[in-house]
Amino acid sequence: MNCRPFKESISLKLGAMDLDAGEAEHIESCADCRAYYESLLSLESSLNEYRPAPLSEAEFASVKNKLDEKTNRYFNRATGFYRLAVHYGVAVTSVFLLIFISLFSNLSTVEDENGMPQFYYSSYTGEIELFDDNWIDDQYIDEAVNDFIQVNGVGSSDLVVGELSAEELIYLENNIDLGGLL
Amino acid sequence: MDREEQALVSLAKAGDRRAFDKLVARYKDRMFALTYRMTGDREEALDLLQETFLSAFKAMRGFREEASFSSWMYRIAANKSINYIKRRKLMSYIPPGSWLKDEPSYEMEDAAGRNELKIQIQKSVKELPPKQRLVFNLRFYEQLSFVEIAKILDKSESTVKTNYQKAVEKLQKKLEGFR
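Within each chain, residue numbers correspond to sequence positions counted from 1 in written order. Naming scheme: in the order in which they are written, chains are lettered from A and ligands are numbered from 1. The model is predicted, so local features are restricted to residues of pLDDT at least 70 and side-chain atom pairs to those at 80 or more, both for listing and for counting; the totals for chains, interfaces and linings are taken over all residues.

Asks: Please clarify how the overall build of chain A should be interpreted in this entry.
Replies: Counting from the N terminus, the helices are DSSP H or I runs at least four residues long and the strands are E runs at least two residues long. Scanning chain A from N- to C-terminus turns up 6 helices and 3 strands. In chain A, the succession of helices and strands from N to C terminus is α-α-α-α-β-β-β-α-α. Comment: burial labels come from other C-beta atoms within 10 Å of the residue's own C-beta, placed from the backbone, where a count of 20 or more is buried, 12 or fewer is exposed, and between is partly exposed. When each of the 182 residues of chain A is scored for burial, the buried share is 8%. Throughout, a residue-residue contact means that the two C-beta atoms, derived from backbone geometry, are no farther apart than 7 Å. Nonlocal contacts in chain A, meaning residues at least 24 apart in sequence, comprise 32% of its contacts between residues at least 6 apart.

Asks: Just checking my understanding: could you explain the overall build of chain B for this structure?
Replies: Along chain B, the regular secondary structure elements total 8 helices and 0 strands. Within the span of chain B, comprising 179 residues, buried residues form 37% of the whole. Restricting to contacts in chain B with at least 6 residues of sequence separation, those with at least 24 account for 64%.

Asks: Whenever I open this one, the confidence of the model for chain A confuses me. Can you help?
Replies: Caution applies to low-pLDDT regions: their predicted coordinates should not be interpreted in detail. The predicted model of chain A averages 75 in pLDDT, with 64% of residues at 70 or higher. One number per residue, pLDDT, summarises how confident the predictor is, and it ranges from 0 to 100. Across chain A, the element-wise mean pLDDT spans from 49 in strand E3 (residues 128-130) of chain A up to 91 in helix H3 (residues 31-47) of chain A.

Asks: I'm lost on the interface of chain A and chain B in this one. Help?
Replies: In many analyses, interface size is given as the accessible surface area lost on bringing the parts together. Counting from both sides, the interface comprises 24 residues of chain A and, opposite them, 31 residues of chain B. Among the elements of the structure, helix H1 (3-12), H3 and helix H4 (57-105) of chain A are those that each provide at least two residues to the side of chain A that touches chain B. No other element matches the 8 residues that H4(A) contributes to the side of chain A that touches chain B.

Asks: Just to check I follow, could you spell out helix H2 (residues 17-39) of chain B for this structure?
Replies: Turn by turn, an α-helix covers 3.6 residues, leaving residues three or four places apart pointing in a common direction. Expected helix span is taken as 1.5 Å per residue step, with the number of steps being one fewer than the number of residues. Compared with an ideal rise of 1.5 Å per residue, which puts 23 residues at 33 Å, H2(B) spans 29 Å between its outermost C-alpha atoms and falls more than 12% short. Taking the largest bend as the criterion, H2(B) deviates by roughly 50°, centred on B:Tyr27. Throughout, the bend at a residue refers to the angle made by two axes, fitted to the seven residues ending there and to the seven starting there.

Asks: What am I meant to see in unusual backbone geometry here?
Replies: For residues that are not glycine, phi is negative in most cases, and the peptide bond is trans in most cases. Residue and element names in this part refer to chain B. Its identity as a non-glycine residue notwithstanding, Glu 65 has a phi of 60°, on the positive side. Examined against the element boundaries, Glu 65 turns out to sit in the loop between helix H3 (42-59) and helix H4 (69-88). Judged by C-beta crowding, with 12 C-beta atoms within 10 Å, Glu 65 ranks as exposed. In this structure, Asp 154 takes a positive phi of about 55° despite not being glycine. Relative to the helices and strands, Asp 154 is located in the loop between helix H7 (146-153) and helix H8 (157-174).

Asks: Help me understand the packing of helix H6 (residues 130-141) of chain B against H8(B) in this model?
Replies: Angle between the axes and distance between the axes: these two values describe a pair of packed helices. Residues and elements named next belong to chain B. Where H6 meets H8, the axes come as close as 8 Å, and the angle between the chain directions of the two elements is 95°. What the angle tells us is that H6 and H8 run roughly perpendicular. Side by side, H6 and H8 meet where Lys 131, Gln 132, Arg 133, Val 135, Phe 136 and Arg 139 of the first sit next to Val 160, Asn 163, Tyr 164, Lys 166 and Ala 167 of the second. For this scheme, ten residues count as nonpolar: Ala, Val, Leu, Ile, Met, Phe, Trp, Tyr, Cys and Pro. Four count as charged, namely Asp, Glu, Lys and Arg, and the remainder, Gly too, count as polar. Its residues placed into classes, the contact of H6 with H8 shows 5 nonpolar, 2 polar and 4 charged. Note on geometry: axes are C-alpha line fits, over the in-contact stretch for helices, and angles between N-to-C directions span 0 to 180 degrees. Here is the rule for angles: anything less than 35 degrees is roughly parallel, anything more than 145 is roughly antiparallel, 65 through 115 is roughly perpendicular, and the remaining ranges are oblique.

Asks: What's the story with the nonpolar core in this structure? I'm lost.
Replies: The nonpolar side chains of soluble globular proteins are, as a tendency, buried together. Residues and elements named next belong to chain B. For our purposes the nonpolar core covers buried Ala, Val, Leu, Ile, Met, Phe, Trp, Tyr and Cys residues that link as a set through C-beta atoms within 7 Å. In this structure, Leu 49, Met 73 and Val 135 are the most contacted members of the largest nonpolar core, which totals 51 residues. Broken down by element, this core gets its largest block of residues, 10 residues, from H2. When sequence neighbours within four positions are dropped, the list of residues in contact with Met 73 reads Tyr 27, Met 31 and Ala 56.

Asks: So what exactly am I meant to see when it comes to the confidence of the model for chain B here?
Replies: All names here are of chain B. When pLDDT is averaged along chain B, the result is 85; 84% of the residues meet or exceed 70. Note on residues 95-109: pLDDT is under 50 here. Beyond four places in sequence and across chains, it has 12 contacts. Across the interfaces of the predicted complex, the ipTM metric reaches 0.79, alongside a pTM of 0.65.

Asks: Just checking my understanding: could you explain the environment of B:Leu144 for this structure?
Replies: All names here are of chain B. With respect to the helices, strands and loops of the structure, Leu 144 is situated in the loop between H6 and H7. Between the C-alpha atoms of Leu 144 and Ser 71, which are 73 residues apart in sequence, the distance is 9.4 Å. If near-sequence neighbours (up to four positions away) are discounted, Leu 144 is found in contact with Leu 138, Arg 139 and Ile 149.

Asks: How should the environment of A:Leu40 be read in this particular structure?
Replies: Mapped onto the elements of the fold, A:Leu40 is located in helix H3. Spatially, the C-alpha atoms of A:Leu40 and A:Ile10 are 8.4 Å apart, while their sequence positions differ by 30 residues.

Asks: What is the right way to read H4(B) from this model?
Replies: The end-to-end C-alpha separation of H4(B) is 29 Å, in line with the 28 Å expected for 20 residues at 1.5 Å each. Every buried residue belonging to H4(B) is among B:Trp72, B:Met73, B:Tyr74, B:Ile76, B:Ala77, B:Ala78, B:Lys80, B:Ser81, B:Tyr84 and B:Ile85, and all of these are buried.

Asks: In this structure, what is going on with the packing of H1(A) against H8(B)? I would like to understand it.
Replies: The N-to-C vectors of H1(A) and H8(B) enclose an angle of 90°; their axes lie 9 Å apart at closest approach. Compared by their axis directions, H1(A) and H8(B) come out roughly perpendicular. Residue-level inspection shows A:Glu8, A:Ser11 and A:Leu12 of H1(A) in contact with H8(B), the latter providing B:Lys161, B:Tyr164, B:Gln165 and B:Val168. Looking at the contact of H1(A) with H8(B), its residues break down into 3 nonpolar, 2 polar and 2 charged.

See the structure below:
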């Protein structure tokens, strides 16, 4: 065994000095390494003198009191937060669910002439409106005109928009709001 | 980890305060010895001891039992100590004689030379760089294996060994005239 690996090896053994056969053999033949080994034994013995006084009962009691105080506070905060999270979590989730249900349960779909879905919204007042701007269609105008004719006794009930006379159109424009479509 | 300790750990993880208290009682001396040797100040060591157990309490549920409970505790205490040293920058400024204040372990009746050696040892250990000091304390005084220390510090075994060798070298030089 060489001196360098020997020294590296035994310096790692400081604190639990136990030479193996090769190391024991080496210090028999190498005075320098023997001196190094003895200096380590002396260092080990000196370092073993450094034993701080153990934790006293009073010191531990003081640490324990502070620890209990802090762990209690942490525990209460943690459980308090958990309780809040559970209670408020349930409440908030319920509100969101209610809003979601009330919004989307009123949505209904109808299909247009091409079979494409059209969304209608039924408001809380029960009035039905289309989402898009073209909500006044021919059927609506027909009904409006028929209502107008029945109330005012003008023309026949077979009249449709395209068949109104100029006089009737002027009358309708002046007396009924049809969104300027006539 | 013996069976009793394993049972205590399982109970403490489930929130059993009594089980946690028993673990505290089991580990108080070892953790105190480490924090004291790292700080060299009894009051600071007591504060770090309390912080170590508080952190353990908070993290108990997350302890995955991949390492032993003692390694886990040592890791917490080691981190607390290193952070303390960084915070206080003890290494850059040590007021003369401050490392001796209120040291009750040195009895007045000790022979002067013997007392001086103890003082010098404490001073020399405290003057080691924090990581070397930590490795040295865990190995020499706590008698942990290099493998275990490597796990605690999340370093390679060779790094830990190098730290230990350097610490031994420095202590040899510093204590040469006192032995």
